[in-house]
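Survey of secondary and tertiary structure
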Amino acid sequence: MICLTVLVLAGSGAAAQTPAAPAPTTNVLALLTVKSDVARADVMKTLPDEVKATVKLHLDGKIQQWYGRADNRGVVFILNATSVDEAKKITADLPFEKAGIATFEYIALTPLTPLRVLLGPQ
């Protein structure tokens with residue numbers, strides 16, 4: 001963390017002189033959270049369809065990685081999407097989303113642009 005802070009601070013002067021092009025979104029992090037007021041029976045009833053749908057998205061190259069949340073409240077997907085809007089289209093037909101069982105939070109991911117400082121003046 002300290003190294004990243006140093007890179008950001010060191011690059012702030014160079015960035016002020018020459019604005020870098022905005023970093024492209026390369027993936028989108030999607031955090032699925034099961035709603036706390038949904039009965040466990042409803043989750044379990046829909047779960048087989050949800051798993052099948054997410055496996056299909058993975059096999060279709062839409063979900064790059066997926067993880068269980070340590071708080072057991074849902075899952076985390078790293079989606080192959082170049083915008084949050086594209087990510088929302090990918091997850092729109094998931095059974096939990098359609099049934100109102102879960103909500104999504106989306107975070108666009110970009111390359112770690114402070115690393116440009118290591119390249120020197122361009």
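Summarised in this report is the structure supplied together with it. (Residues numbered from 1 in each chain as written. Predicted model: local features only at pLDDT ≥ 70, side-chain atom pairs only at ≥ 80, totals over all residues. Heavy atoms only, no water.)

Each helix and strand in the chain was counted, giving four helices and four strands. Each helix and strand of the chain, placed in order from N terminus to C terminus, yields the pattern α-β-α-β-β-α-α-β. Across the 122 residues that make up the chain, the buried fraction comes to 26%. The long-range share in the chain, meaning contacts at least 24 apart out of those at least 6 apart in sequence, stands at 69%. Taken as a whole, the chain presents about 8200 Å² of accessible surface, with 61% of it coming from carbon and sulfur. (Helix = DSSP H or I, 4+ residues; strand = E, 2+ residues; numbered from the N terminus. Buried < 20%, exposed > 50% of the residue type's maximum accessible area, 1.4 Å probe, protein only. Contact = heavy atoms within 4.5 Å. Areas by Shrake-Rupley, 256 points an atom, 1.4 Å probe, with all protein chains shown as cover.)

Moving on, we get to the nonpolar core. The tendency in soluble globular proteins is for nonpolar side chains to be buried side by side. Counting residues in hydrophobic clusters, the biggest one holds 19 residues, and the most contacted among them are Phe77, Leu79, Phe96 and Phe104. Those elements that place two or more of their residues in this core are strand S1 (27-34), helix H2 (40-59), strand S3 (74-79), helix H3 (84-91) and strand S4 (102-109). Examining the composition of this core, we find that four residues originate from one element, S1, more than from any other. Discounting chain neighbours no more than four positions away, the residues touching Phe104 are Ala30, Leu31, Leu32, Phe77, Thr91, Leu94 and Glu97. (Core = buried A, V, L, I, M, F, W, Y, C linked by side-chain atoms within 4.5 Å.)

Enumeration according to the criterion identifies two salt bridges in this entry. The partner of Asp60 in a salt bridge is Lys56, with the nearest N and O atoms 2.7 Å apart. Here Asp71 and Arg69 are joined by a salt bridge, their closest N and O atoms 2.6 Å apart. Relative accessible area serves as the criterion here: at 40%, Asp71 is assigned to the partly exposed category. With a relative accessible area of 16%, Arg69 lands in the buried category. (Salt bridge = Lys/Arg side-chain N within 4 Å of Asp/Glu carboxyl O.)

You can see Thr33 is positioned in strand S1. Of note is the side chain of Thr33, whose polar atom sits 2.6 Å from the side chain of Arg69. The residues contacting Thr33, other than those within four sequence positions of it, are Arg69, Arg73, Ile101, Ala102 and Thr103. (Polar contact = N/O pair within 3.5 Å; in protein donor to acceptor, adjacent residues only side chain to side chain.)

Here we come to H3. Regarding H3, the residues found buried are Ala87, Ile90 and Thr91. Buried residues of H3 fall within an arc of 85° about the axis and therefore sit on the same side. Of the residues in H3, the exposed ones pointing more than 90 degrees away from the buried face are Asp85 and Lys89. Against the buried residues of H3 lie S1, H2, S3, helix H4 (95-99) and S4. (Arc of directions from axis to C-beta.)

Together, Met44, Leu47, Val51, Val55, Leu59 and Trp66 make up an exposed nonpolar region whose accessible area comes to about 520 Å². Here the nonpolar patch gets five residues from one element, more than from any other, and that element is H2. Mapped onto the fold, Trp66 is located in strand S2 (residues 63-68). By relative accessible area, which is 35% here, Trp66 ends up partly exposed. (Patch = residues over 30% accessible without salt bridge, like charges linked within 9 Å, V, L, I, M, F, W, Y side chains within 5 Å.)

Everything listed here is a matter of geometry and, on its own, says nothing about what the molecule does.
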